[in-house]
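The lines below spell out each chain.
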Amino acid sequence: MAAEYSKYSPYYTTKTYSSFLDVLDLRSIPKSKNDTLFRINSIYEYRPDLLAHDLYGKSSLWWVFAARNSNIIQDPIFDFRVGKLIYIPNGQNLLTSLGV
């Protein structure tokens, strides 16, 4: 039986075989004119989950920052450093692109 993942999960579109995940198929987060340029501060260093919780109320959306800023963030944890400028997806646009 294939596992089902929440629409908020980074694994939502990743194929499963029996109970095994295939290689991660990370959804893209489209650019929007409503995105905000944000400088990561010491509160959020190495903690995209905290920023996702504070912005969207769901720490499980930590992966959207790496997906939206794929040219800047390759490692979603260790590239999340103080001073780095990233784009923050607008909450409503994000929910729409996730199909929620």
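The structure this text deals with has already been given above.
Since the model is a prediction, treat every value here as computed from it, not as a measurement. (Residues numbered from 1 in each chain as written. Predicted model: local features only at pLDDT ≥ 70, side-chain atom pairs only at ≥ 80, totals over all residues. Heavy atoms only, no water.)

Details of the overall build of the protein chain
Link 1 in the chain: Across its full length, the protein chain holds three helices and four strands.
Link 2 in the chain: Going from the N terminus to the C terminus, the protein chain shows its helices and strands as β-β-β-α-α-β-α.
Link 3 in the chain: A globule of 100 residues ought to have a C-alpha radius of gyration of about 13 Å, and the protein chain, at 14 Å, matches this closely.
Link 4 in the chain: When the backbone C-alpha atoms are referred to their principal axes, the protein chain occupies close to 45 × 25 × 25 Å.
Link 5 in the chain: Within the span of the protein chain, comprising 100 residues, buried residues form 30% of the whole.
Link 6 in the chain: For the protein chain, contacts bridging at least 24 residues in sequence account for 55% of all contacts bridging at least 6.
Link 7 in the chain: For the protein chain, the accessible surface area stands at approximately 6,300 Å², while carbon and sulfur atoms represent 54% of it.
Link 8 in the chain: The averaged location of the 9 negative side-chain charges in the protein chain is 7 Å from the averaged location of its 11 positive side-chain charges. (Helix = DSSP H or I, 4+ residues; strand = E, 2+ residues; numbered from the N terminus. Rg over C-alpha atoms; globule rule 2.2 N^0.38 Å. Buried < 20%, exposed > 50% of the residue type's maximum accessible area, 1.4 Å probe, protein only. Contact = heavy atoms within 4.5 Å. Areas by Shrake-Rupley, 256 points an atom, 1.4 Å probe, with all protein chains shown as cover. Lys, Arg positive; Asp, Glu negative; His and termini not counted. Charge placed at Lys NZ, Arg CZ, Asp CG, Glu CD.)

Looking at helix α3 (residues 91-98)
Link 1 in the chain: Where α3 starts, the residue carrying a side-chain oxygen 3.0 Å from the main-chain nitrogen of Gln92 turns out to be Asn90.
Link 2 in the chain: Looking one or two residues beyond α3, the residue adopting positive phi is Gly99, at roughly 75 degrees. (Polar contact = N/O pair within 3.5 Å; in protein donor to acceptor, adjacent residues only side chain to side chain.)

Quick notes on the pairing of strand β4 (residues 85-88)
Remember that side chains alternate between the two faces of the sheet whenever the strand is regular.
Link 1 in the chain: Only one face of β4 is covered, namely the face carrying Ile86 and Ile88; the face carrying Leu85 and Tyr87 is uncovered.
Link 2 in the chain: Bridge analysis of strand β3 (residues 36-39) against β4 gives four bridges, and the strand direction is antiparallel. When the bridges of β4 are listed, Arg39 appears paired with Leu85. (Pairing = 2+ DSSP bridges.)

Re the packing of aromatic side chains
Link 1 in the chain: Tallied over the full model, the rule gives five aromatic pairs.
Link 2 in the chain: Judged by centre distance (5.7 Å) and plane angle (50 degrees), the ring pair of Tyr5 and Tyr11 falls under tilted.
Link 3 in the chain: Under the relative-accessibility criterion, Tyr11 is labelled partly exposed at 33%. (Phe/Tyr/Trp six-rings, centres within 6.5 Å; stacked < 30°, edge-to-face > 60°.)

Re the nonpolar core
Link 1 in the chain: Judged by nonpolar contacts, the single largest core of 18 residues is most densely connected at Tyr56, Leu61, Val64, Phe65 and Phe80.
Link 2 in the chain: Secondary-structure elements contributing two or more residues to this core are α1 (48-56), α2 (64-68), β4 and α3.
Link 3 in the chain: The element best represented in this core is α2, accounting for four residues. (Core = buried A, V, L, I, M, F, W, Y, C linked by side-chain atoms within 4.5 Å.)

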